[in-house]
Structure formats: structure tokens, C-alpha cells
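Chain residues, written in single-letter form:
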Amino acid sequence: FAAFAAGKGARLMLLTKQQKYLLEVLERLSCAEQSQLAVLLQAEFSFSALDDAMRVTNACVRQMRSGGLLQISEDGIVYVCDYVNIETLNAIAVMLELSAAHPPEEFRAVDRHILLRFLLGEPGFKQFAIVSGSDPPPEREIRRDEKIIVLLPDGTKPETFSYTRPVIFAIRQENGTHRFFARK
């Protein structure tokens, strides 16, 4: 167990390894769905079943919420900042889909334009940048060695993106998964 104090006037809380990991993840991402946190926790702590990881995640989140370390929205989204960015949640879902639920060790939310950066694959990691399709960054802000994934909002046409580099588009399906395609 480790002791952790959150902010001014917060009471001292003892945190488990799982709680410390979840807080670290939330500090990197700012927000996540509880189910996404459970997938990350399952991979980090080698739970044999996602149900076990979900049970532990729910218990950890409940305790940390009561200790004032994080907040939960009505939709069950856990966050450590003042708001929840739905595009960030979609970017996390894309990262988990691409990594086949074996999340990378290195991932971080960046801003409202570049939603998430992460590394995948050994040896010779590939770098990815997931960008907002509704408010994409200028191409110069994306690192030269990063593969670009654009989250396309409903009704947006791929032709509207003027990037000169290859781009992978991700469209959210009704079931919550994403369909991927590349522009020729």
C-alpha cells in the first residue's frame, strides 16, 4: 500500500497498486470509461477474466471517488479533470481495438486536436497519433514518424482532409467498435 493525498485539505488515503495504476492512467488520459479502465487494468495485472478486472476496477473507482481523487459522470465515465472529452473516449477505444486489448505501455492524451499518442508493436515500435476529425491539427504538428488516425465524425467526408501523408480514418459503429479505412 502507498499513501496518497489529493490536493489541499484532502484526507490521506491508502492506495492499492491497482488504484495507483488507475490514477496514473487517468492522469495520462484525463478521462476514460470504466470498461476501458478495466481492460487496461486486466492487461497490467494479468487478470484471467475481464469480469474480474471489471469488479476490481469498480471497487477501486468507488473508493477513490469517495476519497475525492476522481469523479464519475452519470454515464459512468471516470475523470480527473473538469470535463469529459467524448473524442478522447473514442480515441482510447481505437487504441484498445488496434492493440487487441493489450494496451501499449506508452500512451498519453495530448490536447483537443491531437487526442492521443501511443506506441504499438515490438520490435521497432510504431507511433500513432489519433486526431480529431472535427478539429484536426495542422499536419506540421504531427511527428514525421507517426501514423495518423483521424476520428471521423458522422457525415464528415474524408476528402475534406488536406494532409499529404497517408491517413487512416476511424468511424464509430453503432456497437461502439470502429471501422477503419485509408484514403487512396
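Small disclaimer: the values here were computed from a predicted structure and weren't measured. (Residues numbered from 1 in each chain as written. Predicted model: local features only at pLDDT ≥ 70, side-chain atom pairs only at ≥ 80, totals over all residues. Heavy atoms only, no water.)

### Digging into the pattern of salt bridges
At step 1: Throughout the structure, instances matching the rule amount to five salt bridges.
At step 2: For Glu 24, the salt bridge is made with Arg 28, and the minimal N-O distance between the two is 2.7 Å. With a gap of four residues between them, Glu 24 and Arg 28 both fall in helix α1 (residues 17-29), about one helical turn apart.
At step 3: The exposure class assigned to Arg 28 is buried, which follows from its relative accessible area of 9%.
At step 4: We note a salt bridge from Arg 55 to Asp 52, for which the minimum N-O separation is 3.4 Å. Highlighted residues: Arg 55 and Asp 52, both in helix α3 (residues 50-66), separated by three residues, approximately one helical turn.
At step 5: A single salt-bridge network, built from bridges that share partners, covers Arg 117, Arg 143 and Glu 146. (Salt bridge = Lys/Arg side-chain N within 4 Å of Asp/Glu carboxyl O. Helix = DSSP H or I, 4+ residues; strand = E, 2+ residues; numbered from the N terminus. Buried < 20%, exposed > 50% of the residue type's maximum accessible area, 1.4 Å probe, protein only.)

### Things to note about the packing of helix α2 (residues 34-45) against helix α4 (residues 86-98)
At step 1: One way to put it is that α2 packs onto α4 with a least axis distance of 11 Å and a crossing angle of 35°. Two packed elements cross with a definite hand, and for α2 against α4 that hand is left-handed. For the pair formed by α2 and α4, the contact residues are Gln 36, Val 39 and Leu 40 on the first element and Leu 89, Ile 92, Ala 93 and Leu 96 on the second.
At step 2: When its residues are assigned to classes, the contact of α2 with α4 shows six nonpolar, one polar and no charged. (Axes fitted to C-alpha atoms, helices over the stretch in contact; angles between N-to-C directions. Left-handed = near helix turned anticlockwise from the far one by under 90°. Contact = heavy atoms within 4.5 Å. Nonpolar A, V, L, I, M, F, W, Y, C, P; charged D, E, K, R; others polar.)

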